[in-house]
Amino acid sequence: MSYDFLLDLALILLCTKVFGLLTRSFKMPQVVGALLAGVILGPAVLNILQDADFITKVSEVGVIVLMFTAGMETDVRELKKTGKASFVIALCGVLVPLGGGFLLAHFFNDPSMSEGATASVFLQNMFIGVILTATSVSITVETLKEMGKLNTRAGNAILGAAIIDDILGIVALTIITSLADESVQIGIVLLQIVGFFVFAGVVGFLFFLFFRKLQNHYHKDMRRFVILAFVFCLLISYCAEEFFGVADITGAFIAGLIISNTQRAPYIASRFETLSYTLISPVFFASIGLKMTLPEMTPHIIIFSVLLMVIAVITKIIGCGLGAKLCRFSTRESLQVGVGMVSRGEVALIVATKGSALGLMSNMFMGPVILTVVVTTVVAPVLLKLAFAHKKGGKGGELDQRLEESELVKNYNIATGDHEKLSTVSEPAES
């Protein structure tokens, strides 16, 4: 048995923390540092990590925990208010990148150079658009949590839109793959998606009743609730992927939403924050950077790569921002929503891998897609920081700062389990 994974973990934890502090000194989110640490440790630069399979499995648990805690910290009432808006935002955020990716591929996809692609040129071009429709909200969630903006109107709209975006992306992928692979049946896949949400609703309601009865019976020892909640999260995530073909992070987020309606939610969230901070989140964010490899750079590929990265960013901002504007969000909130949907992350990589296996994408495009995933993932938190930036001057600025300080105190007391201090934290007086 090899113990290289221990050295890999040590290097990842050390480097993500060092680079996180470095990026924070430049007033950027620490998650950017974690991503850069993965790029430097991975094949793109040093290539010194040994056990890639272990890192991949830990990172998969990491994204599940991240979305689970995001669900627990989501204001369900606010999420309901942004439900219709989230659908419009997600729909626009799928259609605009789909069109942008198709047009770009139309001009650059040379059939004579399409090594590994067996589908028609039209389907190949459409598939590039499908890749750009993907959204990985995990980076956005971590950044919004770091800035204390997760429960804002824009933050809740992003979370809701990301879930719907995931479903629309699956539908788009299913349609394209069914045209290339006759064994895939669109009707069955759509029924599976609907079936998952019915399943999650029924099981979630039953679990909520059981959990509420249990917490009324046990008042002192709350540690068992953490284990029970995590088991529920993992089972829902497993069922989503294994039986319904829905992303496991969607199941994890729904599990978090169910737990958020219980009295033990703040305590459970605080315990998962500790686990996430010390091990799982650094490994997950570094693993995205580890996937970056440099493709063979010809002038044709270089131009395509640059344009793909630009279009990936612009089409999400325009598409999702337009959707938010149609739903009467302010211009500032619309920009925040659009920027929050920019990151592609592991979702785009999974889509690209599946399409490549079915002959829907040329091998020469895999490198640019990976570069686009890494760049959008690094750029998204930086743009979010700028989109949510506000001045601290004047009475309004002072009130904003006092509100943030109050929230920081609350979060600290929740994390440390000091509920007496939590109850004494008073809201800042109105100015």
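Use the structure listed above.
Described below are features of the structure shown in this document. (Residues numbered from 1 in each chain as written. Predicted model: local features only at pLDDT ≥ 70, side-chain atom pairs only at ≥ 80, totals over all residues. Heavy atoms only, no water.)

### As for a nonpolar patch on the surface
Then comes step 1: The grouping of Val194, Val198, Val202, Phe205, Leu206 and Leu209 at the surface amounts to a nonpolar patch, some 550 Å² of accessible area in total.
Then comes step 2: Take leucine 206: it is sitting in helix 9 (residues 186–217).
Then comes step 3: Residue leucine 206 is classed as exposed on the basis of its relative accessible area of 52%. (Patch = residues over 30% accessible without salt bridge, like charges linked within 9 Å, V, L, I, M, F, W, Y side chains within 5 Å. Areas by Shrake-Rupley, 256 points an atom, 1.4 Å probe, with all protein chains shown as cover. Salt bridge = Lys/Arg side-chain N within 4 Å of Asp/Glu carboxyl O. Helix = DSSP H or I, 4+ residues; strand = E, 2+ residues; numbered from the N terminus. Buried < 20%, exposed > 50% of the residue type's maximum accessible area, 1.4 Å probe, protein only.)

### Here's the deal with the nonpolar core
Then comes step 1: In this structure, Phe68, Ile259, Ile268, Phe285 and Val337 are the most contacted members of the largest nonpolar core, which totals 75 residues.
Then comes step 2: Within the second largest apolar cluster, 33 residues are counted, among which are Ala312, Leu349, Ala352 and Val369. (Core = buried A, V, L, I, M, F, W, Y, C linked by side-chain atoms within 4.5 Å.)

### Let's talk about the pattern of salt bridges
Then comes step 1: Considering all chains together, one arrives at three salt bridges under this definition.
Then comes step 2: Between lysine 145 and glutamate 273 there is a salt bridge whose closest N-O contact spans 3.0 Å. You can see lysine 145 sitting in helix 7 (residues 137–147) and its partner glutamate 273 sitting in helix 12 (residues 265–290), a full 128 residues away along the chain.
Then comes step 3: According to the relative accessible area criterion, glutamate 273 is partly exposed, its value standing at 27%.
Then comes step 4: For lysine 316, the salt bridge is made with aspartate 165, and the minimal N-O distance between the two is 3.0 Å. Placement of lysine 316 in helix 13 (residues 299–326) and of aspartate 165 in helix 8 (residues 153–180) is noted, with a sequence separation of 151 residues between them.

### Focus on the state of the cysteines
In a disulfide, the sulfur atoms of two cysteines are covalently bonded to one another.
Then comes step 1: Throughout the structure, instances matching the rule amount to zero disulfides.
Then comes step 2: The structure places no disulfide on cysteine 327, whose sulfur is separated from the nearest cysteine sulfur, that of cysteine 92, by 7.8 Å.
Then comes step 3: On the accessibility criterion, cysteine 327 (21% relative accessible area) is partly exposed. (Disulfide = S-S within 2.5 Å.)

### Section: the packing of aromatic side chains
Then comes step 1: Applying the stated rule across the entire model yields 14 aromatic pairs.
Then comes step 2: Summarising the aromatic geometry, the rings of phenylalanine 230 and phenylalanine 272 are spaced 5.1 Å apart at their centres and angled 70° between planes, so their arrangement reads as edge-to-face. Within this pair, whereas phenylalanine 230 is found in helix 10 (residues 223–244), its partner phenylalanine 272 is found in helix 12, the two being separated by 42 residues in sequence.
Then comes step 3: We classify phenylalanine 230 as partly exposed; its relative accessible area is 21%. (Phe/Tyr/Trp six-rings, centres within 6.5 Å; stacked < 30°, edge-to-face > 60°.)

### Regarding the environment of leucine 179
Then comes step 1: Mapped onto the elements of the fold, leucine 179 is located in helix 8.
Then comes step 2: Residue class for leucine 179 comes out exposed when judged on its relative accessible area of 56%.

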